[in-house]
Amino acid sequence: MARWNTIARGAAFAAAASLALAACSSESDPETSSTEGGGSEASGDALTIGSLLPLTGSLAFLGPPEVAGVDLAQKEINDAGGVWGSDVEIIHTDSSDTDNPQIASQSVTELISQDVAAIVGAASSAVTLNVVDDVTAAGIVQISPANTSTALTGYSPLFFRTAPPDTVQGDALGNLILDDGIENLGILLFADDYATSLRDVVQGVIEEAGGTVTYGVSGDEFQTDASNFESIVQDVLATNPDGILVIAFDQTKAIIPALVGAGFPADKLYLTDGNTADYSADFEEGTMTGAQGTIPGANAADDFKALLDEVNGSPLDSYAYGAESYDATMLVALAALKGGAGDGQTVADNLPAVSGADGGTECTGWVECSELIEAGEDIIYQAVSGVGPFNDENDPSSAYVGVYEYDESNVQTWVEAVFGEV
């Protein structure tokens, strides 16, 4: 069960997130950044990290901010002299989605052959479940910036994530729906572990409060390749819901117009992290006005977003999971530094400690945190995404979930956040 505190609507907790930027523009002397004099000692090999992120497929809109987060962490580390005097190497690969499972499998095979210490990704829980056994069997850490399925909690000693499990987002989403006065909720979801996991949590919250899920219970899921959305929409509307939650990916582009076209009010629609995207180019103006969605993670500070834009080469359309990707990469590098080696087991052994699970001195960014490690101190890494230290099941022990509302142009805007402890 998650415990929640609501952050005031419109209030930004970006100040906390921006602390991790202190070192982004700082360069340290490689001589003073060496591991001599009290910290870890290098194994002699440069640290290599792979990414398995959606460059194609139904979650491709999440790819740019996630890749930018990884690249920003790499830039910050390498600008400060790298790890053990060598630049951190990043190998980017495509995870695509569950409709194209061979792409992620091929990417993982490539990354294993490159002897990476860790893989940042995937974005989709279902994609991760397809490849995680191969990754961990190879002795490689997999650390996802976006997986939320409860099936991945405690899955493997080598699997970590910087996004909270669905027990956190689902609780926040369910309570948002209840607070809006929705008593009878319809849910449209596809047959995917991510979707069913999140549905189960939301359903539990709604029913515990005395509400009813009129449609979308187990057995009502549609297949990922479904095309008959007019029929599916009529099925949910026939149950007379007060609100409708859509848990889907690209299918959302067909579902929303069908719902609104049938007369269902947009301000009674709810989305999740898998589809809370910019629809300004997809729908007629005003289609989604008042609809709401949730995305795990803090509302990153404007200066952090500017750094993501810079490393991306142009302004991003979305910043979803950019901070979590940055944190994942930074934590891997700090764990390798603390353990003195760039292999998966060393990284796994030290990830909880650098996240703050053992206590220590709070620090932000690579320069400050690495200097403390090299001085032999324990650290509590202050995540830009706002997540707390890893718990015993390698999930974040606490996290923020942002609430977004759509305007007339069908663009989502952050309006509030809730904080939860797993």
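Residues numbered from 1 in each chain as written. Predicted model: local features only at pLDDT ≥ 70, side-chain atom pairs only at ≥ 80, totals over all residues. Heavy atoms only, no water.

Draft legend 1. Summary view of the sheet that holds strand β5 (residues 141-144). Spatially, 5 strands are ordered β3-β2-β4-β5-β6 in an open sheet, and the strand pairing comes out parallel. Strands with a single pairing partner mark the edges of an open sheet, and in this sheet they are β3 (89-94) and β6 (159-161). The mean inter-strand angle of the sheet, taken between neighbouring strand axes irrespective of direction, is 25 degrees. By the bridge criterion, 6 bridges tie strand β2 (residues 48-53) to β3 in an arrangement that is parallel. Bridge pairing links isoleucine 49 to isoleucine 90 in β3. Against the sheet, helix α2 (residues 63-79) engages β2, β3 and β4 (118-121), with an angle of about 170 degrees to β3. Helix-sheet contacts for helix α10 (residues 322-339) involve β2, β3, β4 and β5, and the interaxial angle to β4 is about 170 degrees. (Pairing = 2+ DSSP bridges. Helix = DSSP H or I, 4+ residues; strand = E, 2+ residues; numbered from the N terminus. Axes fitted to C-alpha atoms, helices over the stretch in contact; angles between N-to-C directions. Contact = heavy atoms within 4.5 Å.)

Draft legend 2. Fine view of the pattern of salt bridges. Scanning the model with the defined rule gives 7 salt bridges in all. Of the charged contacts, one joins aspartate 79 and lysine 75 as a salt bridge, the two residues approaching to 2.8 Å between their closest N and O atoms. With aspartate 79 and lysine 75 both in helix α2 and 4 residues apart, the pair spans about one turn of that helix. Classification of aspartate 79 as partly exposed rests on a relative accessible area of 26%. (Salt bridge = Lys/Arg side-chain N within 4 Å of Asp/Glu carboxyl O. Buried < 20%, exposed > 50% of the residue type's maximum accessible area, 1.4 Å probe, protein only.)

Draft legend 3. Representation of a negative patch on the surface within the structure. Residues Asp179, Asp180, Asp267, Glu285, Glu405, Asp407 and Glu408 make up a contiguous surface patch of negative charge. Along the chain, aspartate 180 falls in the loop between α5 (166-179) and β7 (184-189). (Patch = residues over 30% accessible without salt bridge, like charges linked within 9 Å, V, L, I, M, F, W, Y side chains within 5 Å. Areas by Shrake-Rupley, 256 points an atom, 1.4 Å probe, with all protein chains shown as cover. Lys, Arg positive; Asp, Glu negative; His and termini not counted. Charge placed at Lys NZ, Arg CZ, Asp CG, Glu CD.)

Draft legend 4. Inspection of the confidence of the model for the protein chain at higher detail. Here the protein chain averages 90 in pLDDT, and 90% of its residues register 70 or above. A low-confidence stretch, residues 1-40 stays under pLDDT 50, and its non-local contacts, those more than four residues away or across chains, total 98 contacts. (pLDDT = per-residue confidence, 0-100.)

Draft legend 5. The arrangement of the nonpolar core in detail. Grouped together as the largest cluster of nonpolar side chains are 59 residues, with contacts concentrated most on Leu188, Phe222, Ile244 and Leu259. When neighbours within four sequence positions are excluded, leucine 259 is seen to be in contact with Leu188, Val233, Val236, Leu237, Ile244, Val246, Phe264 and Leu269. Grouped together as the second largest cluster of nonpolar side chains are 53 residues, Ala117, Ala348, Ile373 and Phe390 included. (Core = buried A, V, L, I, M, F, W, Y, C linked by side-chain atoms within 4.5 Å.)

Draft legend 6. Region of interest: unusual backbone geometry. The omega torsion across glycine 121 and alanine 122 is 0 degrees, close enough to zero to call that bond cis. In this fold, alanine 122 is placed in the loop between β4 and α4 (125-137).

Draft legend 7. A look at helix α11 (residues 344-355). Its 12 residues give α11 an end-to-end C-alpha distance of 16 Å, which sits within 8% of 16 Å, the value for a rise of 1.5 Å per residue. Summarising burial for α11: 9 of the 12 residues are buried, a large majority. Buried residues of α11: Gly344, Thr346, Val347, Ala348, Asn350, Leu351, Ala353, Val354 and Ser355, and no others. Residues of α11 that are buried sit in contact with β5, β6, α10, α12 (365-374) and β13 (379-381). Where α11 begins, one side-chain oxygen reaches toward the backbone nitrogen of glutamine 345, 3.2 Å away; that side chain belongs to aspartate 343. (Expected span 1.5 Å × (residues − 1). Polar contact = N/O pair within 3.5 Å; in protein donor to acceptor, adjacent residues only side chain to side chain.)

Draft legend 8. Representation of the state of the cysteines within the structure. Tallied over the entire structure, the rule returns 1 disulfide. The disulfide that involves cysteine 363 links it to cysteine 369, with 2.2 Å between the sulfurs. Between cysteine 363 and cysteine 369 the sulfur-sulfur dihedral comes to about 105 degrees; the bridge is accordingly right-handed. Across this residue pair, the class does not change: cysteine 363 and cysteine 369 are buried. (Disulfide = S-S within 2.5 Å.)

Draft legend 9. Representation of the pairing of strand β8 (residues 212-215) in the model. Taken together, the 3 bridges between β7 and β8 define a ladder with parallel strand orientation. Bridge pairing links asparagine 184 to threonine 212 in β8. A crossover links β7 with its parallel partner β8, the connecting element being helix α6 (residues 193-208), and its sense is right-handed. (Right-handed = clockwise from strand over helix to strand, strands pointing away.)

Draft legend 10. Representation of the environment of alanine 300 in the model. Among the structural elements, alanine 300 can be located in the loop between β11 (292-296) and α9 (302-312). With relative accessibility at 9%, the residue alanine 300 sits in the buried group. C-alpha of alanine 300 to C-alpha of valine 384: the two residues are 84 residues apart in sequence and 7.1 Å apart in space.

Draft legend 11. Local environment of the packing of aromatic side chains. By the definition in use, this model includes 9 aromatic pairs. Ring plane angle 90 degrees and centroid distance 5.4 Å describe the contact between phenylalanine 222 and phenylalanine 229, whose orientation is recorded as edge-to-face. For the pair phenylalanine 222 and phenylalanine 229, a shared accessibility class is recorded, and that class is buried. With 5.2 Å between their ring centres and 55 degrees between their planes, tyrosine 400 and phenylalanine 419 make a pair best called tilted. Residue tyrosine 400 is located in strand β14 (residues 398-406), and its partner phenylalanine 419 is located in strand β15 (residues 412-421); the two are separated by 19 residues in the primary sequence. Note on accessibility: tyrosine 400 and phenylalanine 419 belong to one class, buried. Feature note: the residues Phe190, Tyr194, Phe222, Phe229 and Phe249 constitute an aromatic cluster, connected by ring pairs. (Phe/Tyr/Trp six-rings, centres within 6.5 Å; stacked < 30°, edge-to-face > 60°.)

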